[in-house]
Amino acid sequence: MSIVEPNYAYQRGNVSDRLQMWIDGVGGYTLLLADRINIGQAMASAQVDIPIMGDISRRHAAIKRSGDEYIVDPLSEVKINDQAIVGPALLKHGNVVTLGRGVKLQFTQPHPLSTSAVLRIVSRHRTEPACDGVVLLADSLLMGPKANNHIVCPNWQQDLVVYRYGSRLQLKSKTPLYQSDSTQPVTSIKIGDTVQGEEISFCLERLTRA
Amino acid sequence: MNQSAATIPSENPGDDEVGPAKQAKPKESPMRFTYKTGSTPLDGYTIKRGVGAGGFGEVYYATTDSGKEVALKHIQRNLEIEMRGAKHCLNLKHPHLVSLYDIRYDNEGEGWIVMEYVHGDSLQDVIERHPGGLPVQDALSWFKAIASAVNYLHDHGIVHRDLKPGNIFNDQGTVKIGDYGLSKFISVSRRSGQTESVGTFHYMAPEIGKGRYGREIDVYALGIILFEMLTGRVPFEGESSQEIIMKHLTAAPDLGDLGEPYRSVVAAALEKDPDKRTSSAEEMLQQLGLQESDGFVSAVVASEPEPASQPAPKQPQSEVKAKVGYIEPPAPKSSLDDEPIAQTVSSITQKFSDWWNHDNTSLPIKVIVLGAIAFGVVSYLPLIFPLVFVGGVFYATYLLVRQVIRLFQDGPQGGNAPARTTGSSDRYHPEAMKSKYIASENAAWQPRRKDRERAALSARSMHQRIKELIGSLIASGIVAVLVSFVLMLISVGDEAIQLTSLVTLGPAFIFFTGLTVAASWSVLIISKRWEDQGGDQVARRLVMAMLGIVVGLVAWFGPLLLVPGNASGTALSSTWFNVASHGSMGGLLMFFGLVFLVPRWWKLADPLRSTWLSIWTTGVYVAWAAILTTFWPYLQPWAIMVVGTMAATIQLSAPWFSQERRDQQRRRYEQEMKETTAGESS
């Protein structure tokens, strides 16, 4: 029995649950806001949340967030730490998920106080469009120089927290950050507009499905 | 992203510990990028994010309208040179080189280099994750790829010149080397970004300071990189760029951690003398028992004649030198070789001895000449002796001053003094580049205003500095006379203006003034040497104390000289001050030694001191002298006065830059730095 409805991802219609975060000097990260996400091959007809250019099925696996935990549901051949799984399995910090012949994703939940998790491709594959990591955004996204942040920003002097507030994304930072022409520091992030501060500069873009 | 699972476990919570390489990195300044996400400065390319900034400008990650990912390098400085360099490399192809796609200009005429975007970690990141060194097999596979690409560049007549782990990437399993074909003196600027750090100096071959940029510098960098991959640290570490450069020049690397054959391979690659170093990247590969990697199609290529896989022909030395713009350092000259007075004297002596030894010169004439000379010397002895003595003293002083000036000019011999900006070609003189380099680096390190101002000082021309020095020497003479006279007036009243005072006060006045001039000249000359850099205070104090001892000697011998035959010096005792009871020589030496040891005398002559003449500072010096005289009471009060006079004289005569002038100089210097950071393009 599958715990994930196969067509859920593209049935939602409103796709603001997939965002690309471009961070100057750091990288590009995909933020996924849904509680269930699909992983599959990157091709025009397959609408999945994490499209990977790899030798995998159109919809290869799904990951569901349940409370503080993440459960992977294999829709095709999936291994966790090289152990094949046949049914839903719990993901733990540091697990490497192998899809098909060798697409490897590492799952991390770096911060004990945040449920959000990060998936990184550790094989020679890439998502389409490319990104440096996929954040499964539960409550908050922690960014900063230390390794226990979801997105490690080595050159930053301070931390930044992006968190969900209703249907909006808000941010918390020690130094004020600004957007467009506003002289008021940002609290609620506008999509498609660069957020800039003393040392921080990033932009959230809506990702359209391939 | 890394291909091998071995490099994964860096994400553990609390795993934010870093290796030595990271600790050596300066706190990097925030990065701000000109272009935001979504901007399209070039037709067809949409900028996604800033990646980093180098001396040449900013680098962005962008995609084309059809989705091709590229890196866009915005060339903001040295446009012509950079573009020429990039154009030269535009069609180079190697699996381990970052490809250049195109060179474009935007609507504002600014240049962009469109190139391959490399995903993944740099070698620097990888090394930081392995503080104890990479596994040997990993290190060798990295090295094989790096050396192959470097060899390819060398085969095409290009020297990379900036090989370092920050420029080498693992793009999904393929090693890629970037940043070739760019002029290299730019990779350190005050604008610090991802690809710059003090690390740049860790890979710099010693001969770069001499302006020699042959293939050998890449081999040297390869040696350092190999060492770093195997051990997790660089062989020459240091707190400052100067320290690191000094180690590259002089220190022998400690290769104890390496096993064979790596130890001897690295040792041969780190040879200080480029001519003794391993000659090519390929040779290094052979020493390690590795084959050059030609990428994925090596089997096909191997069947064809491949110039890259043959030993590079040894080029004649001179041609190599000509190619790389090698500049022979001038042979060190003895101080007398080109000194005009010595030359004149020696040429007269030569002429005389020629005449003397000439066959035509008859014996009687020689006898008459000898007799005349002997008679003259004996009868005018009282006159000749002081003349020779005075002449000798003057000549010695002259030689000393000359020597000091030469020290300024011969930067390399004299240490890291700045050098002239004259070069044989239109290129910047490599030494000048070096000092600018260091200065700019300093500015990057401690961007405090004062440090930047000081960095600006070092950029002044030699000529200007000598002019300043001579000016202040003359000024100090005049000031010393005036200040001493004022002091005398104050302490003796109108007696000083009477004619009789010439006899009673004259010698004392001369002594007082002479001592002041001697002290202030030496402080001025030494401080001039120190003014463009901060330095070790202890060492400076010791030098100053030494100088104080010399001043003490002068103070002791002074009265003897001024009044020969009257050592008790009655003439020097007056109502003004009593030098007569000047006590033991030891006391004087101790007194002046301590006077010069404790306060920082060179600060008085610093052009960046806060005020031209600080009454407060002078007061401190006087107070210090007063405290000291309690141990040698017989020095009161004249010694206190003389110290005060010295302090005031030095301040009054040393150049002082107003804040306005400092800003102006600093701005001009920083502007120059931006414009002239390019040495040349390859």
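Since this is a predicted model, take the numbers as computed values, not measurements. (Residues numbered from 1 in each chain as written. Chains lettered and ligands numbered in written order. Predicted model: local features only at pLDDT ≥ 70, side-chain atom pairs only at ≥ 80, totals over all residues. Heavy atoms only, no water.)

**Here we look at the sheet that holds strand 21 (residues 201–206) of chain A**
Residue and element names in this part refer to chain A. The mixed open sheet is built from 11 strands, whose spatial order is 8-7-10-11-12-14-2-1-21-20-19. Each edge of the sheet is formed by a strand with only one pairing partner; in this case those strands are strand 8 (83–85) and strand 19 (178–179). Pairing geometry for strand 7 (residues 78–80) and strand 8, over three bridges, is antiparallel. Paired with I80 across the strands is Q83, a residue of strand 8. (Pairing = 2+ DSSP bridges. Helix = DSSP H or I, 4+ residues; strand = E, 2+ residues; numbered from the N terminus.)

**Some thoughts on unusual backbone geometry**
Working note: non-glycine residues mostly have negative phi, and peptide bonds are mostly trans. In this structure, the amide linkage connecting E128 of chain A to the following residue, P129 of chain A, adopts the cis form with an omega of -5°. As for its position among the elements, P129 of chain A is in the loop between strand 13 (126–127) and strand 14 (133–136). The peptide bond linking E260 of chain B to P261 of chain B adopts the cis configuration, its omega dihedral lying at 0°. Structurally, P261 of chain B can be placed in the loop between helix 7 (241–250) and helix 8 (262–269). Phi angles above zero are rare outside glycine, and N81 of chain A is one such case at about 45°. The residue N81 of chain A is located in the loop between strand 7 and strand 8 in this model. The backbone of Q172 of chain B shows a phi angle near 45°, a positive value even though the residue is not glycine.

**A look at the nonpolar core**
Nonpolar side chains in soluble globular proteins tend to end up buried together. Residues and elements named next belong to chain B. Grouped together as the largest cluster of nonpolar side chains are 76 residues, with contacts concentrated most on L123, W142, F143, I146, L222, L226 and M229. Setting aside residues no more than four positions away along its own chain, F143 makes contact with L222, L226, M229, M284, L285, L288 and L290. Judged by nonpolar contacts, the second largest core, of 39 residues, contains F592, A605, A625 and V643. (Core = buried A, V, L, I, M, F, W, Y, C linked by side-chain atoms within 4.5 Å. Buried < 20%, exposed > 50% of the residue type's maximum accessible area, 1.4 Å probe, protein only. Contact = heavy atoms within 4.5 Å.)

**Digging into the packing of aromatic side chains**
Residue and element names in this part refer to chain B. According to the stated counting rule, one finds 12 aromatic pairs over all chains in the structure shown. Ring plane angle 75° and centroid distance 5.8 Å describe the contact between Y35 and Y60, whose orientation is recorded as edge-to-face. Of this pair, Y35 sits in the loop between helix 1 (20–23) and strand 1 (45–54) while Y60 sits in strand 2 (residues 57–64); the two residues are 25 residues apart in sequence, bridging distant segments of the chain. Ring geometry for F596 against W601: centres 4.4 Å apart, planes inclined by 15°, an arrangement best described as stacked. Under the relative-accessibility criterion, F596 is labelled buried at 0%. Every member of this aromatic cluster is reached through a ring pair, and the members are F33, Y35, Y60 and W112. (Phe/Tyr/Trp six-rings, centres within 6.5 Å; stacked < 30°, edge-to-face > 60°.)

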